[in-house]
Amino acid sequence: MAQGAATQARSQTQELITRTVTIIAAADTHVSAAAPTTSFGSRPALEVDKSPESEAYLRFYVAPVEGTLTTARLRVYVLDGSSEGPIAHDPRISGRAWNELTTWDTRPSRSDYSALTRMGAVASGTWSELDITDLHISTGAFTDVHLVANSDDGVSIASSEHPDATLRPQLVLTVQSAEDHPANPALPITVSGAPVTFGPSADTTVSAAAPTSSEGGSARDLWVGPSPEREAHLRFEVQGLTESVQRAVLRLYVGAQGTTEGPALFSTQGTWSEASATWNTRPAKVGNEVDRMPFLAPWGYVDYEVTDRVRGNGAVTFGLYGASGNGLSFDSREVSVARAPRLLVWTGAARAAPTEACLTRREVVAKVSPPRHDTYVSAERPTTTFHREASLRVDAAPAMTSYLDFEVDLGAAPVRRVLLQLFALEATDDGPRLYKARAFEPAAATWQNPPERLELLGDAGAVKRNQWVEYDVTGALTGSGRHAFALVADSNLGLSFASEDARTDWILDAAPRLVVVRDSDPFCSYRGPSTSGGSTWVKQTNNASAEHVRDTAPAPGGGFAVLGTQEKTRDSEPFSEQTDVVTLHRTDGAVLWRVTFPQERVEFRQVVVTALGNVLVAGEYAGAPDLGKGPLPQGTGMFVMKLTPSGAVDWTRGYNAWFRGGGEFMDNPMVVHDLTTDAHGSAVLTGGFWGYTDFGGGEVYSGKPFPYDDEWPNSFVLKVQWDGTYQWARMLNTRALRGTQAVSVAVDAQENVTVGGWAGWGTDFGAGALGESGLFVARWNVSGDFLWHWLLPTATNVLFADLYDVAVLPDGDVVFSGHFDGRFTFAGTAYASAEPDDAYDGMREPFLGKLSPTGAERMLRHFPGGTQTLLLRELSVDASGNLFTVQSGQGGVLGLGAIGLPEDTAPERPTVASFTSALETRWVRVFDPFQSLSSRLTLVDGGVVLTGDLTTAFEVDGTWYTPTLRRADLLHLKLRP
């Protein structure tokens, strides 16, 4: 494709922030066996040889830097060359005992040297550069490198005493950061097949200079821009689609004029035709900008992302509006079919709702392979390797080419697609061409010795900054094994992609991906009676900003409340400051009301709905945010908030923690673990804190003054009346390192408060201090008076376990869930995990347990046979005494037979299960993946609602769901009980 204009400013691109830090040696010397008592620290040269034996030591001071050290190179000037130069070594700790007065007799030990790289052949009067990135380098400290001879043909290099300061040894560091890029970019949604292509049913240009002319409808060019002001309009008739849309792009071919600020695309409304559309009668643009591409190359192409405007069959219309001072044209449908506008629409693979008892289905499985290695080569530095850097650079001037090498297992099943996905760090008017290449070793790949380039596979058009660029390489991969690729510049406006090292160095989690898409083998997705587990309805949130679920709760009348977080802007980072959202849904999943809380330094954690429909929320904060009823107390702490049944804030209560000592006042953090309510609408919650707090009954101490090292805080149980008045609190303190963790709370019909978790020795529930640590369930009455506790000791090297949820059955029995590794006895029966004697490192296995209303052990069910640690979460109980849980995969261990795909094929799929009050499995159902561990369960009238983060294509009962803006939505599925 055509070269982009060389005059386009590179300041308009935003690559990784890359700095080169050059450090001159602070000290160096060599020692020689021929002069065992002589020091050479003041000499202008360093000698390294095997005959006579001599070796050199260099030391550099590395000052603190901002960013991540990605490469380190020792650069030395060779005074006398060699056919085989020395080896650079990491001297480790034992090799650092030297200074410039060191001699052969006093030289440091080589006992734990580690070879880094070889110099190889080197000519006199040249610079030699050795890649020593594997050397551990700390900032604000000295770093040593030793050079040890590798042949009898010795080498002489300039030392730090050389009279020409420009020739002295250098440590050259590459420091990179990604401050201007999202740290965890949303992954592209992998679609399963080729697109359906639609040509425009109409396209035209209208001009303000000829407001009554309709001649644009027959023109070969679609003009956009100022002077005169012109707009382009297109209409497509989408028809024949039988599955839900997963992606759609509008592809346009640029004419002879490029631009540094491409036009904006909008949806339009209004009736028009090519024969009648004029400036005066043109359709109106509606809504926000759909997409914009910054740079466009002459004769190139551009893809506008329009997925959220193409949701199925029907007419769609778009308008293009100038965004820069220069006009440009696109080819119209009057040009050849190959360059005419086109709408590319990808849909989900054909699916039908399963009807037999097992709900047999196939999943579209995407297996992602990271690169074995990746690198780029540069004509400016023809002998340098760049395989340790965080970016892959591609440019025409100066010339740079990138290479990637993957190890791929295509498996036996037919492959639908193979996609190479790369994350662009800058924008360009014309993306690189992709070639197949020979497999290569990264340390040998240079401009002078590049991997062999083979056939052309694809070509990218215009690229935006922070965009995933996708190449379809299905035809190029004919079998499993090594597959390499080359990226060759197609424009003088170069760009870079995030490399595998950007991910492994924790700079940017956007490494290259080779994605193999295939249909799985048929599998059973449901086990159980036909009257249960089936889907009643499915609802998707479809909000403009990405949303993630935090907690859910049932509401009177069959509805439910959802506590979520929403990104403040469309392109904000997943871990940036979020807007907290409380949503109340009707019984059919429709939204009754939605309230947002954009206050910063606030984290909503738990939600519950009272019998009168009031919504209680608990979370943490810092500062003095105002949630609607005045500022919370200044400091760090937690809050409880009450919303009315219509969503108005009724009251808020804030509690902060602190520590005073030695004349110093310290704000301490607090955390909310769980929240529930009773028949009177009280808030009952558990959490933890450090130091002191006052819940309303006077100062209480947590038993631990402030956070430090690996200590965990202790816990509390707090009851707040329906009007926000303090009722009672209990402190659960231990001096154990872990801290007592009261992670779950439930209230029964008598308003007794039952709490579960892990308790350290010394914890006092009300009957005296515990003599040992372990899993616990404890109960207090409505007034906070102690009733009973149960403890399962977790002795070191005998049992490692956690209890996560408690619930109360209609008959008063208490059920709990957890997992363990080791051995224990419950109700007279011994239990052991698969590897009970491997101490802390073993796989933990799940269990469900049941206690009587007075805390006596009744029964426990252990679920062995898993392939990895498994946890039954979100334990809930319905009015009939049935239990419900959700887990991440491994549904087969629950006892009803094989269900779902193997974990090595499709790991951690959301799996909902139900059990009887006797802990027998009733039914199990497995679904397509949500974002990891996001699933929440809510018991409602007539069933249970599963809520999760929809971040990829999701199929249920033959229908596909795709997140809005290809980011994250909430998906709610109601299942029969």
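Treat the numbers as computed from the prediction; the structure is a model and nothing was measured.

Q: How should the domain arrangement of the protein be read in this particular structure?
A: You'll often see interface size given as the accessible area lost when the parts meet. The domain boundaries assigned to the protein delineate domain 1 (16–178), domain 2 (196–350), domain 3 (365–519) and domain 4 (526–976). Inter-centroid distance (C-alpha atoms) of domain 2 to domain 3 is 31 Å. In this complex, domain 2 contributes 12 residues to the contact, which on the side of domain 3 involves 15 residues. Across the interface of domain 2 and domain 3, roughly 950 Å² is buried in total on both sides, 60% from carbon and sulfur atoms. Three residues stand out in domain 2 for area buried against domain 3, namely Met293, Phe295 and Tyr301, and they jointly supply 50% of the buried area on that side. Taken together, the connections running from domain 2 to domain 3 amount to one salt bridge. Taken together, the residues of the side of domain 2 that touches domain 3 break down into nine nonpolar, no polar and three charged.

Q: Looking at this structure, I do not really get the pattern of salt bridges. What am I missing?
A: Opposite charge on two side chains lets them pair, provided their charged atoms get close. For the coordinates displayed, the defined rule picks out 44 salt bridges. Between Glu699 and Arg660 there is a salt bridge whose closest N-O contact spans 3.8 Å. Of this pair, Glu699 sits in strand β50 (residues 699–701) while Arg660 sits in strand β45 (residues 649–661), placing them 39 residues apart in sequence. Salt bridges here are not isolated pairs; linked through shared partners, they connect Arg73, Arg75, Glu129 and Arg381.

Q: Please clarify how the state of the cysteines should be interpreted in this entry.
A: The term disulfide refers to a covalent linkage connecting the sulfur atoms of a pair of cysteines. All told, the structure shown has one disulfide when counted by the stated rule. Between the sulfur atoms of Cys358 and its disulfide mate Cys524 the distance is 1.9 Å. Linking Cys358 in the loop between β22 (342–347) and β23 (360–361) with Cys524 in strand β35 (residues 523–524), this pair joins segments that are 166 residues apart in sequence. Looking at Cys358, the relative accessible area reads 18%, which means it is buried. The class for Cys524 is buried, based on a relative accessible area of 9%.

Q: I tried to follow the sheet that holds strand β70 (residues 969–975) on my own but got confused; where do I start?
A: Pairing between the strands of a sheet comes from backbone hydrogen bonds, and it takes one of two forms, parallel or antiparallel. Taken together, four strands build an open sheet; the order of strands is β37-β70-β67-β66 and the sheet is antiparallel. The open sheet has two edge strands, β37 (535–540) and β66 (936–940), and neither has a second partner. Between one strand axis and the next, the sheet turns by 20° as a mean value, whatever way the strands run. By the bridge criterion, five bridges tie β66 to strand β67 (residues 943–950) in an arrangement that is antiparallel. Residue pairing for β67: Leu939 is matched across the bridge by Val944.

Q: It is not clear to me how the sheet that holds strand β39 (residues 560–567) should be interpreted in this structure. Could you clarify?
A: Spatially, four strands are ordered β38-β39-β40-β41 in an open sheet, and the strand pairing comes out antiparallel. In this open sheet, the two strands that pair with only one neighbour each are β38 (547–554) and β41 (591–597). On average, each strand axis in the sheet is tilted by 20° relative to the strand beside it, whichever way the strands run. In this structure, β38 lies alongside β39, joined through seven bridges in antiparallel fashion. The partner of Asp551 across the bridge, within β39, is Leu563.

Q: Looking at this structure, how should I read the UniProt feature "domain: Carbohydrate-binding module family" (unreviewed entry) in the protein?
A: The residues that UniProt annotates with the feature "domain: Carbohydrate-binding module family" (unreviewed entry) are residues 20–174, 196–345 and 369–504. Secondary structure across residues 196–345 comprises 0% helix and 45% strand; the distance between its end C-alpha atoms is 5 Å. Taken end to end, residues 369–504 comprises 4% helix and 46% strand; its first and last C-alpha atoms sit 14 Å apart.

Q: Please explain the pairing of strand β9 (residues 141–148) as it appears in this structure.
A: A regular strand carries its side chains on alternate faces of the sheet. Taken across its eight residues, β9 has six buried, putting it largely inside the fold. Note: strand β4 (residues 53–62) against β9, eight bridges, orientation antiparallel. Paired with Phe60 across the bridge in β9 is Thr143. Sheet topology note: the strand β6 (residues 87–90)/β9 ladder contains three bridges and is antiparallel. Opposite Ala88, over in β9, you have Leu147 as the bridge partner.

Q: How do you make sense of the packing of aromatic side chains when you look at a structure like this?
A: Aromatic rings in a pair are described by how distant their centres are and how their planes are angled relative to each other. Counted under the stated rule, the structure contains 34 aromatic pairs. A ring pair is formed by Phe266 and Tyr321, whose centres lie 5.6 Å apart and whose planes are at 90°; its orientation type is edge-to-face. Here Phe266 is found in strand β17 (residues 264–269), whereas its partner Tyr321 is found in strand β20 (residues 314–321), with 55 residues between them in sequence. Residue Tyr321 is classed as buried on the basis of its relative accessible area, which comes to 9%. Connected via pairs of aromatic rings, a cluster forms that spans Trp790, Phe816, Phe820, Phe824, Phe826, Tyr831 and Phe847. Here the guanidinium or amino end of Arg75 rests over the ring plane of Trp127, the centre of that ring lying 4.2 Å away. Lying across the ring of Phe485, Lys436 places its NZ or CZ 5.6 Å from the centre.

Q: Please clarify how unusual backbone geometry should be interpreted in this entry.
A: Of all residues except glycine, most have a negative phi; of all peptide bonds, most are trans. Cis geometry is found at the peptide bond from Ser51 to Pro52, where omega equals 0°. By the element assignment, Pro52 lies in the loop between β3 (45–50) and β4. Pro228 follows Ser227 through a cis peptide bond whose omega is 0°. Relative to the helices and strands, Pro228 is located in the loop between β14 (221–224) and β15 (230–238). The backbone of Leu359 shows a phi angle near 50°, a positive value even though the residue is not glycine. Its place among the elements puts Leu359 in the loop between β22 and β23. By relative accessible area, which is 13% here, Leu359 ends up buried. Even without being glycine, Asp957 reaches a positive phi, approximately 55°.

Cut-offs used in this document
- Residues numbered from 1 in each chain as written.
- Predicted model: local features only at pLDDT ≥ 70, side-chain atom pairs only at ≥ 80, totals over all residues.
- Heavy atoms only, no water.
- Domains from an automatic or database assignment.
- Contact = heavy atoms within 4.5 Å.
- Buried area = accessible area lost by both parts, 1.4 Å probe.
- Salt bridge = Lys/Arg side-chain N within 4 Å of Asp/Glu carboxyl O.
- Nonpolar A, V, L, I, M, F, W, Y, C, P; charged D, E, K, R; others polar.
- Helix = DSSP H or I, 4+ residues; strand = E, 2+ residues; numbered from the N terminus.
- Disulfide = S-S within 2.5 Å.
- Buried < 20%, exposed > 50% of the residue type's maximum accessible area, 1.4 Å probe, protein only.
- Pairing = 2+ DSSP bridges.
- Axes fitted to C-alpha atoms, helices over the stretch in contact; angles between N-to-C directions.
- UniProt positions renumbered as here; feature names shortened; annotations may be inferred.
- Phe/Tyr/Trp six-rings, centres within 6.5 Å; stacked < 30°, edge-to-face > 60°.
- Lys NZ or Arg CZ within 6 Å of the ring centre and 35° of its normal.

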